[in-house]
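The primary structure of each chain is shown beneath.
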Amino acid sequence: MLWIKNGIVIDPKNGIEGEKMDIFVKEGKIVEESEVKKEECKIIDASNKLVVAGGVEMHSHIAGSKINTGRSMRPEEMRVVRNVAGKFRAVVGRVLLTAPGIGYEYAKMGYTTAVEAASPPIGSPHTHEELDAIPILDKAALPVFGNWHFVFKFVSEKDQEKLQAFIAWAIERTKGYGVKIVNPGGVEKWMYGSNVRTLDDEVPIYGVTPREIITEVVKANEALNLPHCVHIHCNNLGVPGNYETTIETMKLVSGMKNENRPVLHVTHVQFNAYAGSSWRDVSSGAEEIAKYVNKADNITIDMGQPIFGHATAMTGDAPFQFTLHKLIGARWSNKDTEIEGGAGIVPIVYLPKNPVHALQWAIGLELGLLIDSDKVVISTDWPNGGPFTEYPYIMAMLMSKRMREKELERVSPYVQKASSLPAIDTEKTLYEVIKMSRSLPAKILGMENKGHLGVGADADIAIYNINPNEVDPSAEYDLVNKAFRKPAYTIKDGEIVVKDGELVAETWGRTFWVDATKKVSMEAIEADLDEYFQNYYTVERINFGVDERWVKKPARLEVS
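Residues numbered from 1 in each chain as written. Predicted model: local features only at pLDDT ≥ 70, side-chain atom pairs only at ≥ 80, totals over all residues. Heavy atoms only, no water.

Caption draft 1: The arrangement of helix H7 (residues 210–224) in detail. Between its first and last C-alpha atoms H7 spans 21 Å; for 15 residues at 1.5 Å apiece the expected length is 21 Å, and the two agree. Listed as buried for H7 are Pro210, Ile213, Ile214, Thr215, Glu216, Val217, Val218, Ala220, Asn221, Glu222 and Leu224. Considering only its buried residues, H7 is in contact with helix H4 (149–156), helix H5 (160–174), strand S11 (180–182), strand S12 (230–233), helix H8 (243–251) and strand S13 (264–266). Trailing H7 by a residue or two, Asn225 shows a phi angle of about 55°, which is positive. (Helix = DSSP H or I, 4+ residues; strand = E, 2+ residues; numbered from the N terminus. Expected span 1.5 Å × (residues − 1). Buried < 20%, exposed > 50% of the residue type's maximum accessible area, 1.4 Å probe, protein only. Contact = heavy atoms within 4.5 Å.)

This is how it looks when you write it as C-alpha cells:
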C-alpha cells in the first residue's frame, strides 16, 4: 500500500487542476482513503511536487519485424551503450533501443503504457515476443488492415457482415488491440509498380479504392464497438500538397458518432500536412488541418513531431520508404508480408539548417499549438520522427513561446516564410500538456483505467520535481524540460520503479488485447479463410496467429 502525501495534482479527466491532494494505492489500484490502513502504508512525501497519471504512448513502433530490421541495418546504433548488465539488463541503442531499454527509458520519463502502432498480422508471434521482452510498461499492438486481401475482397463485395467477422477474427488471432490502416490500397498497388494518389484510385484485381476501404472499415469498427477507433496513416504521406488528402480523408467520417471516443484517429499528421506542389515550394498545411479538426467532433490526431538528430523512418508504407530512399540516397530495406501489406526502413538525420527538415519540425509544433488540446496527442512517431525521450522538449516547446523563439534562431530561415510557427503566440498550459500525454490518449484508446488518478484507476503515477502553482512554464522552460526528463518517482501498478530519475525496480506489465468474436458469426467467413490460406499463404491456417498462453501477462478485453 502507498500513501502519496501533499502532492499537487493535475488530473484532466477528473477536472483537477493543481489541487493539493493525497492519493492512496492498494493492490495496484487507486483507492479511497478508507480502504487502506495508513499505518501500513509506505509514505511518499510529494509536497510541492507535480503528481499526474503515468504517460500513455498511443503511437510508437516498439516491437516487430520493422524495428528488428532497423537494428540490423544500423550497426552504428548498437555501439551506443545505455545500461551495462547488472541489477538490470544491458541496453544498447542511440535511437533504436533494444527491448529492455524501451521499457526503462519510457519509465524513466514517467510513461507507463505504450502501443505498438503497426504490426503485420502474420508477424504477430514475433511482435508479441518483443512486447514480452519490454519491461515495466503495459502494452498493446495494432495489426494492419489497409492492404490485406481479405479486406479488399469483403469491401469489393460490399459485405459488411463478413468484414466485421474478419476484423474480429484477425484481432483475436493476432492478440491485437484495434484496427490500423496504412496507406490504404497504396501498398498493394506499389507491388504492381505504382501507388494510389487520390482516394479514388483503384487497387489492382479487386477494383476497390482508398475511399471505400476507409469508409467500410470504419463502419465495421463502429459496428463492433471496439475500444479504439480506426487508427489511420493517410495516403500520400511525405508528398507536397498532401494536406488536402488528409482533410479529404477526415471528411469520410463526417456524421459518424461515438459517445465514448472519436471515430477516427489520424496519426503522425506532421508527415501528412504539407502544402505546395514540390519540394521547391513546399510549405505548411497545418493551419487548414487545424481548422478542420477543431470543428470536427469525431476526429483526433497525434503530432509526429520531428526531433533534430538521428532517426529511422520505418512504416508499413513501403512506397513512401522507397521514395524517401531515392530522395535522400540513404540505405533502404523493403519487406512484403504475404497478402497483408508491406513495410520499408530508411535511416535519416534531421538537420536544423535543412529547409525541409526545419519545416517538418515547425509543422509538428504548429499542429500541437493550433489544434484544441482535447484533440491532439504528443508523439514523435518513434523512431520516424526521432526519440520518444525528447517528449519533455516537446512539452516545454508547446508551453513556451520564448523557447520556440530561441529554437527558431538555429533553424533554417525557410521556416519564416513557409510556416506560421513564428507568428503563433499560443502557449499550452501544464494542464493541457498533461491531457495531451495522459488522459486524451487513454480516452482515444478506450483504456478506461489509464491516464487519470480517479478511484479505480491503475496505480500508474508519475511525480515530478515541479510545483505547477509556482512555476511559469513560459519563462521557466528549462526547468520544465529538466523536470519531465527526470521524475522524482514513477510508480507502476503501485510499485516504485523509478526514483530520482533512476531505475530502482523491474516489473512486468500486461499486454492488452481485444476479443470481439462474440459479436459476429465466424461461420460467415470460414470458407473464405480456408480458400485464402490454402491458395495464397505460406503457412497453414492452424499456424496463423498467437495463442493467449504464449503471452507473458495477457489482459483480454471482451467486447460483447
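Caption draft 2: Expanded view of the pairing of strand S5 (residues 50–53). As paired strands, strand S1 (residues 2–11) and S5 are joined by 2 bridges and run parallel to one another. In the strand pairing of S5, Ile8 is matched with Leu50. With 4 bridges connecting them, S5 and strand S21 (residues 461–464) associate as antiparallel partners. Bridging from a neighbouring strand, Ala53 pairs with Ile461 of S21. (Pairing = 2+ DSSP bridges.)

Caption draft 3: Spatial organisation of the side chain of Glu77. Counting through the fold element by element, Glu77 comes out in the loop between helix H1 (65–73) and strand S7 (81–83). Within the structure, the side chain of Glu77 is placed 2.6 Å from the backbone nitrogen of Val95, a separation counted as a polar contact. A distance of 2.8 Å separates a polar side-chain atom of Glu77 from the backbone nitrogen of Leu96. Sequence-distant contacts of Glu77, defined by excluding residues within four places in its chain, comprise Gly93, Arg94, Val95 and Leu96. (Polar contact = N/O pair within 3.5 Å; in protein donor to acceptor, adjacent residues only side chain to side chain.)

Caption draft 4: Layout of the sheet that holds strand S16 (residues 299–302). In spatial order, the strands read S11-S12-S13-S16-S20; together these 5 strands make up an open sheet with parallel pairing. Two strands bound the open sheet, and with one partner strand each, they are S11 and strand S20 (376–377). Relative to S16, S13 runs parallel, the two being bridged by 3 bridges. Opposite His265, over in S16, you have Thr300 as the bridge partner. H7 contacts S11, S12 and S13 of the sheet and is inclined by roughly 155° relative to S12. (Axes fitted to C-alpha atoms, helices over the stretch in contact; angles between N-to-C directions.)

Caption draft 5: Structural detail: unusual backbone geometry. The linkage connecting Trp382 with the following residue, Pro383, adopts the cis geometry, with an omega of 0°. Here Pro383 lies in the loop between S20 and helix H12 (391–399). At Lys175, a residue that is not glycine, the phi angle is positive and equals roughly 50°. With respect to the helices and strands, the residue Lys175 is situated in the loop between H5 and S11. Residue classification places Lys175 among the buried positions, given a relative accessible area of 2%. One non-glycine residue, Asn183, lies in the positive phi region at around 40°. Along the chain, Asn183 turns up in the loop between S11 and helix H6 (186–190).

Caption draft 6: Up close: empty space enclosed by the protein. Following the criterion strictly, the structure yields 6 cavities of 30 Å³ or more and no others. Taken as a whole, the largest cavity holds about 160 Å³ of empty space. Taken together, 18 residues line the largest cavity, and the ones lying closest to its centre are Pro120, Val144, Gly316, Thr337 and Gly342. When contributions to the lining of the largest cavity are tallied by element, the ones reaching two or more residues are H1, strand S9 (111–119), strand S18 (333–337) and strand S19 (341–350). When residues in the lining of the largest cavity are grouped by element, the largest group, 3 residues, is from S19. For the lining of the largest cavity, the residue count by class is 7 nonpolar, 8 polar and 3 charged. (1 Å grid on protein atoms, 1.4 Å probe; cavity = no way out; pocket = protein on both sides within 12 Å on 5 of 7 lines; lining within 4 Å. Points joined across faces, edges and corners; volume = space filled by probe spheres on them. Nonpolar A, V, L, I, M, F, W, Y, C, P; charged D, E, K, R; others polar.)

Caption draft 7: Here's a closer look at the sheet that holds S18. Strand order across the open sheet formed by 3 strands is S17-S19-S18, with antiparallel pairing between neighbours. Only two strands of the sheet have a single neighbouring strand rather than two, namely strand S17 (309–315) and S18. On average, adjacent strands in this sheet sit at an angle of 15° to one another, irrespective of strand direction. Bridge count for S17 against S19 is 7 bridges, and the pairing is antiparallel. Paired with Ala311 across the two strands is Ile348, which belongs to S19. Lying on the sheet, helix H10 (residues 318–328) is in contact with S17, S18 and S19; it crosses S19 at an angle near 35°.

Caption draft 8: Structural context of the pattern of salt bridges. One pass over the structure, following the stated rule, counts 41 salt bridges. Here Arg82 makes a salt bridge to Glu105, at a shortest N to O gap of 3.6 Å. One end of the pair, Arg82, is in strand S7; the other, Glu105, is in helix H2 (residues 99–107), with 23 residues separating them in the sequence. By relative accessible area, which is 33% here, Arg82 ends up partly exposed. On the basis of relative accessibility, which here comes to 13%, the residue Glu105 falls in the buried class. (Salt bridge = Lys/Arg side-chain N within 4 Å of Asp/Glu carboxyl O.)

Caption draft 9: Representation of the nonpolar core. Formed by 156 residues in total, the largest nonpolar core has its most connected members in Trp148, Phe150, Phe166, Ile167 and Trp361. If one sorts the elements of this core by residue count, helix H15 (residues 430–445) sits on top with 9 residues. Core analysis: the next-biggest nonpolar cluster, separate from the first, contains 20 residues, Leu2, Val9, Leu453 and Tyr489 among them. (Core = buried A, V, L, I, M, F, W, Y, C linked by side-chain atoms within 4.5 Å.)

Caption draft 10: Inspection of the environment of Ile43 at higher detail. Topologically, Ile43 is positioned in strand S4 (residues 42–45). Under the relative-accessibility criterion, Ile43 is labelled partly exposed at 46%. Along the sequence, Ile43 and Trp3 sit 40 residues apart, while their C-alpha atoms lie 4.8 Å from each other. In contact with Ile43, other than residues within four places in its own chain, are Trp3 and Lys5.

Caption draft 11: The environment of Ala141, seen in detail. Positionally, Ala141 belongs in strand S10 (residues 138–143). Once residues within four sequence positions are removed from consideration, Ala141 is found in contact with Glu116, Ser119, Thr127, Leu131, Gly176, Tyr177 and Gly178.

Caption draft 12: Expanded view of the packing of aromatic side chains. Within this structure, the stated rule accounts for 29 aromatic pairs. Ring geometry for Phe88 against Tyr104: centres 6.1 Å apart, planes inclined by 65°, an arrangement best described as edge-to-face. Of the two residues, Phe88 sits in the loop between S7 and strand S8 (91–92) while Tyr104 sits in helix H2, which places them 16 residues apart along the sequence. Using a relative accessible area of 13% as the deciding quantity, one classes Phe88 as buried. A relative accessible area of 3% means that Tyr104 is categorised as buried. Of note, Lys175 hangs over the ring of Trp513, and the distance from its end group to the ring centre comes to 4.8 Å. A cation over an aromatic ring shows up here: Arg438 above the ring of Tyr111, its NZ or CZ 5.4 Å from the ring centre. (Phe/Tyr/Trp six-rings, centres within 6.5 Å; stacked < 30°, edge-to-face > 60°. Lys NZ or Arg CZ within 6 Å of the ring centre and 35° of its normal.)

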